[in-house]
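# Per-entry structural report
Okay, here's what each chain looks like letter by letter:
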Amino acid sequence: MINDNSNPENRLLILYILNKANIPVTISNLTDIYFSINEINYFYFQQFLSDLKDKEFINIFEENNKHYYIITEKGKSTLTDLMYLIPSVMSVAADNAIQKIIKGLKYELSITTDFIILDANKINVKCNIDEGSSRLFSLEIYAGTMEQARKIAENWKNNSLKYYPQIINLLTNDDDSIDI
C-alpha cells in the first residue's frame with residue numbers, strides 16, 4: 001500500500017494502468033482497478049488525476065456523458081523512464097485487475113465496419129465503435145479498391161482498441177509537432 005500523497009508511485013500507478021489498458025478507461029473502471037491495488041484516500045486519487053492532466057501525462061475526454069481517461073505520449077515516456085519505481089507486486093496486481101476489467105469492456109463494445117460501394121474504384125469504409133446503443137467513434141475512409149477496403153476492415157477489427165486512443169491523442173494534442 002502506497003498511502004502517501006507525495007509519493008510518485010501513486011501517480012505512476014495511474015499511468016501504468018492507463019498504459020496497460022491501451023484503451024480509453026472510464027473513471028469508474030480506473031477507480032475499480034486502482035483501489036483494488038492501492039488503498040488511498042479518494043481525494044488524493046482525484047488530486048493525482050488532476051496533477052497528471054495538468055502536466056499533460058493524461059487526457060480526459062467526454063463521450064455520451066462519460067469521462068474517459070487515456071495516457072499521452074508524454075505520460076508513456078515518463079512511465080518508461082520511471083517504471084522501476086512501481087513495486088513489482090503492484091504491477092502484477094494491476095495487470096490482473098486490468099485484464100478482468102478490459103475483458104468486460106470488450107464485451108460491452110461493438111466494433112463494426114460497413115462498406116458502401118460508390119463505383120468500381122471507390123468504396124466508402126465506415127469504421128465504428130459502439131457501446132450499447134451509443135456510438136463512441138466513427139471514422140469514414142475512402143478506399144480505391146475492394147482489396148484495400150477489406151484490409152482496412154480487417155485492421156479495424158483487429159486493432160481498433162489500439163487505434164482509438166491514438167486517434168484521440170492526435171486530435172486532442174495541442175502540439176504542432178505531432179509524430180505520426
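In short, a report on the structure.

Counting across every chain of the model gives ten aromatic pairs. Arranged with centres 5.5 Å apart and planes meeting at 20 degrees, the rings of Phe61 and Tyr68 form a pair that is stacked. Across this residue pair, the class does not change: Phe61 and Tyr68 are buried. Look at Phe61 and Tyr164: their rings are 6.1 Å apart centre to centre, the planes differ by 75 degrees, and that puts the pair in the edge-to-face class. Taken together, the residues Phe61 in strand E2 (residues 58-63) and Tyr164 in helix H6 (residues 146-172) connect sequence positions 103 residues apart. For Tyr164, a relative accessible area of 4% translates into the label buried. Put simply, the rings of Tyr34, Phe35, Tyr42, Phe43 and Phe45 pair up and form one aromatic cluster.

Turning our eyes to something else, we now look at the side chain of Thr72. Looking at the secondary structure, you find Thr72 in the loop between strand E3 (66-71) and helix H4 (73-82). The class of Thr72 is buried, set by a relative accessible area of 8%. Those residues in contact with Thr72 that lie beyond four places of it in its chain are Glu56, Phe57, Ile58, Asn59 and Asn169.

The subject of this paragraph is the packing of helix H1 (residues 8-21) against H4. At their nearest, the axes of H1 and H4 sit 10 Å apart, and the two run at 115 degrees to each other. The handedness of the crossing between H1 and H4 is left-handed. When H1 is examined against H4, the residues Leu12, Leu15, Tyr16 and Asn19 are found in contact with a partner set consisting of Gly75, Lys76, Leu79 and Leu82. When grouped by side-chain class, the residues that make up the contact of H1 with H4 number five nonpolar, two polar and one charged.

What counts, and at which threshold
- Residues numbered from 1 in each chain as written.
- Predicted model: local features only at pLDDT ≥ 70, side-chain atom pairs only at ≥ 80, totals over all residues.
- Heavy atoms only, no water.
- Phe/Tyr/Trp six-rings, centres within 6.5 Å; stacked < 30°, edge-to-face > 60°.
- Buried < 20%, exposed > 50% of the residue type's maximum accessible area, 1.4 Å probe, protein only.
- Helix = DSSP H or I, 4+ residues; strand = E, 2+ residues; numbered from the N terminus.
- Contact = heavy atoms within 4.5 Å.
- Axes fitted to C-alpha atoms, helices over the stretch in contact; angles between N-to-C directions.
- Left-handed = near helix turned anticlockwise from the far one by under 90°.
- Nonpolar A, V, L, I, M, F, W, Y, C, P; charged D, E, K, R; others polar.

In short, the description is geometric, and any link to function would need to be established separately.
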